[in-house]
Amino acid sequence: MAVQGKEFVLVALYGATGVGKTTVALRLAEELQCPIISSDSRQCYHEMSIGTARPTEEETRRVQHYFSATHSVVERFSAGQFEVEALQLIEKLRENQSLAILTGGSMLYMDALTKGIDAFPVPDMTLRASLTEKLQKEGVTALFTRLEELDPTTATRIDRYNGVRVLRALEVTIQTGRPYSMWLEQQKASRPFSLISVGIQRTKEELNERINQRVDAMVAEGLVREVETLLPYRALPALQTVGYLELFDYFDGKCSLAEAIEQIKLHTRQYARRQMQWWKRNSAIVWFDANDYAGLATFVRQSIEADRMRSI
């Protein structure tokens with residue numbers, strides 16, 4: 001049911017990692033006959049498949065996916081670049097239809113397209129080199145501790161194990177003398193589409209169990225081998241993420257495989273909590289139980305129809 005009309009509608013589907021966004025997005029996209037725009041900062045890399053739970057080939061045959069396996073880990077791809085390219089994509093999509101679903105686990109990428117992100121200052125390369133050296137020598141915890149002191153708000157929202165994100169937040173805060181969180185909360189840009197924001201959630205116990213099971217499934221599918229093939233690229237920004245860093249430690253002999261897997265589960269559960277803390281601040285998101293697909297789909301359809309009526 002591709003809704004024709006002048007206005008473009010973007011349905012943003014939110015939810016923590018492991019909650020079941022892929023299944024819901026696929027079902028909804030098939031019913032609405034529209035594509036899916038992935039806002040996952042890691043699923044865009046074609047070398048990272050298992051560890052990012054990227055949609056399978058069968059799923060991408062069922063529904064057109066954008067920003068899935070479109071880049072290489074050797075390319076730098078930021079939230080700002082995603083914002084620009086996704087807006088360009090929407091301009092092309094609207095030539096033939098008026099709907100798309102946006103979904104993914106990256107908070108900043110979701111916000112970049114739905115709200116716009118501020119034009120941050122040009123990096124001070126001397127400061128960046130200093131922080132990068134500290135990251136390499138002392139690890140991400142050292143930078144995160146400093147970020148907690150200077151910008152506790154960002155520290156509660158950011159993935160503390162993502163060295164690239166922590167470094168950038170600290171860099172902006174130090175360089176400008178203004179917390180990174182304040183840059184993110186400035187007035188956002190207007191957007192060339194109507195936005196419908198929905199989210200799916202589960203109980204903490206259910207979500208934790210799903211995350212644990214998903215990590216076990218990833219290992220069974222060959223996650224360890226996937227990470228091993230990426231060892232030559234381990235210093236690249238794309239690889240500074242949960243599911244890969246822990247296994248790098250395993251290959252370095254710092255822990256056993258069983259310990260690395262348990263750390264992946266723990267860090268993924270912690271990340272899921274930060275995702276929900278971030279998105280719960282957005283009062284525009286209408287939340288549904290992950291098992292209530294009928295309620296969510298009805299709300300989306302009614303919202304699309306209401307938007308169409310307003311545009312007449």
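Going by the structure above, here's the rest.
Residues numbered from 1 in each chain as written. Predicted model: local features only at pLDDT ≥ 70, side-chain atom pairs only at ≥ 80, totals over all residues. Heavy atoms only, no water.

This part is about the packing of aromatic side chains. As enumerated under the stated definition, the model contains 7 aromatic pairs in all. Ring plane angle 55 degrees and centroid distance 5.1 Å describe the contact between Y250 and F251, whose orientation is recorded as tilted. Since its relative accessible area comes to 28%, Y250 is described here as partly exposed. Cluster of aromatic residues (ring-pair linked, three or more members): F67, F77, F82 and Y109. Directly above the ring of W278 sits R157, whose terminal nitrogen or CZ lies 5.9 Å from the centroid. Here R281 stacks its cationic end above the ring of W278, 4.9 Å away from the centre of that ring. (Phe/Tyr/Trp six-rings, centres within 6.5 Å; stacked < 30°, edge-to-face > 60°. Buried < 20%, exposed > 50% of the residue type's maximum accessible area, 1.4 Å probe, protein only. Lys NZ or Arg CZ within 6 Å of the ring centre and 35° of its normal.)

Here helix α1 (residues 21–32) is 12 residues long and its end C-alpha atoms lie 16 Å apart, about the 16 Å a rise of 1.5 Å per residue gives. The set of residues buried in α1 consists of K21, V24, A25, L26, L28, A29 and L32. Just beyond α1, the residue with positive phi is Q33, at close to 55 degrees. (Helix = DSSP H or I, 4+ residues; strand = E, 2+ residues; numbered from the N terminus. Expected span 1.5 Å × (residues − 1).)

Take helix α3 (residues 79–93) next. Its 15 residues place the ends of α3 20 Å apart at the C-alpha level, agreeing with the 21 Å of an ideal helix rising 1.5 Å per residue. Three or more residues of α3 are buried, namely A79, F82, E83, A86, L87, L89, I90 and L93. Viewed end-on, α3 has its buried residues packed into an arc of 160 degrees, placing them on one side of the element. (Arc of directions from axis to C-beta.)

Time to look at the pattern of salt bridges. Counted according to the given criterion, the structure contains 20 salt bridges. One salt bridge in this structure joins R168 and E171, with 2.4 Å as the shortest N-O distance. With a gap of 3 residues between them, R168 and E171 both fall in helix α8 (residues 163–176), about one helical turn apart. The partner of E305 in a salt bridge is R308, with the nearest N and O atoms 3.5 Å apart. Of this pair, E305 and R308 both sit in helix α14 (residues 293–311), separated by 3 residues, roughly a single helical turn. Here the salt bridges share partners, and the residues they tie into one network are R27, E31 and R301. (Salt bridge = Lys/Arg side-chain N within 4 Å of Asp/Glu carboxyl O.)

Of all hydrophobic cores here, the largest spans 94 residues; its most connected members are L28, I37, F82, L113 and L296. For L113, the contacting residues outside a window of four places in its chain are L10, F82, E83, A86, L87, I90, L102, R191 and F193. (Core = buried A, V, L, I, M, F, W, Y, C linked by side-chain atoms within 4.5 Å. Contact = heavy atoms within 4.5 Å.)

This brings us to the environment of H65. One can find H65 in strand β3 (residues 65–66). The sequence separation of H65 and L236 amounts to 171 residues, and the corresponding C-alpha distance is 25 Å. Not counting the four nearest positions on each side in its chain, H65 is found in contact with L26, I36, P55, E59 and T60. A distance of 2.8 Å separates the side chain of H65 from the backbone oxygen of V63, its partner in a polar contact. (Polar contact = N/O pair within 3.5 Å; in protein donor to acceptor, adjacent residues only side chain to side chain.)

With respect to the element layout, Q275 can be found in helix α13 (residues 257–279). Not counting residues up to four positions away in its chain, the partners in contact with Q275 are G15, A16, T17, G105 and M107.

Okay, unusual backbone geometry next. For A53, which is not glycine, the phi dihedral falls at a positive 55 degrees. Locating A53 in the fold gives a position in the loop between β2 (36–38) and α2 (57–62). Classification of A53 by relative accessible area gives partly exposed; the value is 24%. Even without glycine at this site, F67 takes up a positive phi of about 65 degrees. By the element assignment, F67 lies in the loop between β3 and α3.

Moving on, we get to the packing of helix α5 (residues 125–138) against α8. Packing of α5 against α8 brings their axes to within 10 Å, and their N-to-C directions diverge by 140 degrees. As the angle between them shows, α5 and α8 are arranged oblique. In the crossing of α5 with α8, the sense of the turn from one axis to the other is right-handed. In this structure, α5 contributes L127, R128, L131, T132 and L135 to the contact, and α8 contributes G163, L167, R168, L170, E171, I174 and Q175. (Axes fitted to C-alpha atoms, helices over the stretch in contact; angles between N-to-C directions. Parallel < 35°, antiparallel > 145°, perpendicular 65-115°, else oblique. Left-handed = near helix turned anticlockwise from the far one by under 90°.)

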